[in-house]
Amino acid sequence: MSFKGQHILSVSQFDRDRIQQVFQVARSMEPYASRQKRTKVLDGAILGNLFFEPSTRTRVSFGCAFNLLGGEVRETTGMESSALAKGESLYDTARVLSSYSDVIAMRHPQSGSVAEFAEGSRVPVLNGGDGANEHPTQALLDLFTIEKELAASGQSIDGMHIAMVGDLKFGRTVHSLAKLLCLYKNIRFTLISPTELAMPDSVVSAIENAGHSIEFSDALEGKLAADIVYQTRVQEERFASKDEANLYRGKFRLNQDIYTKHCKSNTVIMHPLPRDSRLDANELDNDLNLNPNLAIFRQADNGVVIRMALFALTLGVEHLVTRYECDV
Ligand code: CP
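Residues numbered from 1 in each chain as written. Predicted model: local features only at pLDDT ≥ 70, side-chain atom pairs only at ≥ 80, totals over all residues. Heavy atoms only, no water.

The next point concerns unusual backbone geometry. Going from Leu273 to Pro274, the amide bond is cis rather than trans, its omega being 5°. One can find Pro274 in the loop between β10 (268-270) and α11 (296-314). Located in the positive-phi region is Arg35, a residue other than glycine, with phi close to 65°. Counting through the fold element by element, Arg35 comes out in the loop between α2 (30-33) and β1 (38-39). Assessed through its relative accessible area of 54%, Arg35 is described here as exposed. The backbone of Leu273 shows a phi angle near 65°, a positive value even though the residue is not glycine. Locating Leu273 in the fold gives a position in the loop between β10 and α11. Residue classification places Leu273 among the buried residues on the basis of a relative accessible area of 12%. (Helix = DSSP H or I, 4+ residues; strand = E, 2+ residues; numbered from the N terminus. Buried < 20%, exposed > 50% of the residue type's maximum accessible area, 1.4 Å probe, protein only.)

This is how it looks when you write it as structure tokens:
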């Protein structure tokens, strides 16, 4: 199964074999990501890194991943710095920029926009998040993290219990992760959100059709004794107004006291980040920072090797990485 030349737009492109193919290449990237080894396999190649919405992790880890493979990165950040602000179409932008780049990573505020862009692109396009729709590379790094964290206690993804918490309506990371988990067996989902911010029906149907069990709740208490608690931020930028978002900020705060009372002793805490550290939100308190089961920064670290793997696979160089090793 070759990824060469393919866009990565949605988790629906993956089955369990393809996921394991990405994970195997990601594991082989760890010595390069940790600077123990160096490769120039993408020497001369250019990544077009187009971010039309704010980002820290996704944008920078795409760039680092490409640099670590020996390639160069050209950044476009913000709609106002591109001709999209003058009314140019996504198709025309893609036609032009894809002749300047070997691969493109893109984030955009509208659902479906990255797929629309990919129609005009002559090089692979990797979706770095399109509105409230999907964030497939985040879902892959989340799944990679879950597999690693559970393996440490002899567990596997099949049969696990995951509690997803917060803004499940607009949180694209939980949409993509839930769909990927539909490829696994006997998963127990606990979906904790205000009713107004519940998981979209299409995702709930996918979970049900996969034969998993789902429990819905609008309170944290008594619902967190899961293998994984995946906390999310209220996606303020997707609400009609800040005032509307403020109705929900701070509703589901997880801190060490709640962890001690309601989680298992080895419950892994995840969050795609950024966490909202403002006092009226604070969905994941800093007092959890020393909790060894807080996996949020291991998640962010895993983003580099997953994105290195996706670049190597979509550019068809995954088997050449060692051949182009150079001095550290
Ligand atoms: N997880 C994530 O997408 O983070 P950024 O918005 O910082 O890229």
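Next up on the list: the environment of Arg57. Tracing the chain through its elements places Arg57 in helix α3 (residues 57-68). In this structure, the C-alpha to C-alpha distance between Arg57 and Thr173, residues 116 residues apart in sequence, is 13 Å. Beyond its immediate chain neighbours, meaning those up to four positions away, Arg57 contacts Phe62, Pro272, Leu273, Pro274, Ala300 and Arg307. (Contact = heavy atoms within 4.5 Å.)

Our next topic: helix α7 (residues 172-181). The buried fraction of α7 is high, at 9 of 10 residues. Buried within α7 are the following residues: Arg172, Thr173, Val174, His175, Ser176, Leu177, Ala178, Leu180 and Leu181.

The subject of this paragraph is the site of the ligand. Around the ligand sit Ser55, Thr56, Arg57, Thr58, Arg107, His135, Gln138, Pro272 and Leu273, and that is every residue in its neighbourhood. Taken together, the residues of the shell around the ligand break down into 2 nonpolar, 5 polar and 2 charged. No fewer than three residues from each of domain 1 (11-135 + 302-326) and domain 2 (136-300) sit in the shell around the ligand. (Near = heavy atom within 4 Å. Nonpolar A, V, L, I, M, F, W, Y, C, P; charged D, E, K, R; others polar. Domains from an automatic or database assignment.)

Moving on, we get to the side chain of Glu134. For Glu134, the location among the structural elements is in the loop between β5 (125-130) and α6 (136-151). Note on Glu134: relative accessible area 4%, which makes it buried. Polar side-chain contacts of Glu134 include one of 3.0 Å to the backbone nitrogen of Val11. In this structure, Glu134 is in contact with Leu9, Ser10, Val11, Asn127, Gly129, Arg172, Ser176 and Lys179, ignoring residues within four places of it in sequence. (Polar contact = N/O pair within 3.5 Å; in protein donor to acceptor, adjacent residues only side chain to side chain.)

Right, let's get into the domain arrangement of the chain. How big an interface is tends to be expressed through the accessible area that disappears when the partners come together. Once the domains are mapped, the chain shows domain 1 (11-135 + 302-326) and domain 2 (136-300). The C-alpha-based centres of domain 1 and domain 2 are spaced at 25 Å. Contacts between the two partners involve 31 residues from domain 1, matched on the other side by 29 residues from domain 2. Carbon and sulfur atoms make up 57% of the surface buried where domain 1 meets domain 2, a total of about 2600 Å² over both sides. Of all residues in domain 1, Arg16, His135 and Asn302 bury the most surface against domain 2, accounting for 27% of the area lost on that side. Viewed at the interface, domain 2 and domain 1 are joined by 6 salt bridges. Scanning the region where domain 1 abuts domain 2 turns up 22 residue pairs in polar contact (both at pLDDT 80 or more). Mapped by element, the contributors of at least two residues to the side of domain 1 that touches domain 2 are α1 (16-28), α3, β4 (103-108), β5 and α11. No other element matches α11, which puts 7 residues into the side of domain 1 that touches domain 2. Split into classes, the residues belonging to the side of domain 1 that touches domain 2 amount to 12 nonpolar, 9 polar and 10 charged. (Buried area = accessible area lost by both parts, 1.4 Å probe. Salt bridge = Lys/Arg side-chain N within 4 Å of Asp/Glu carboxyl O.)

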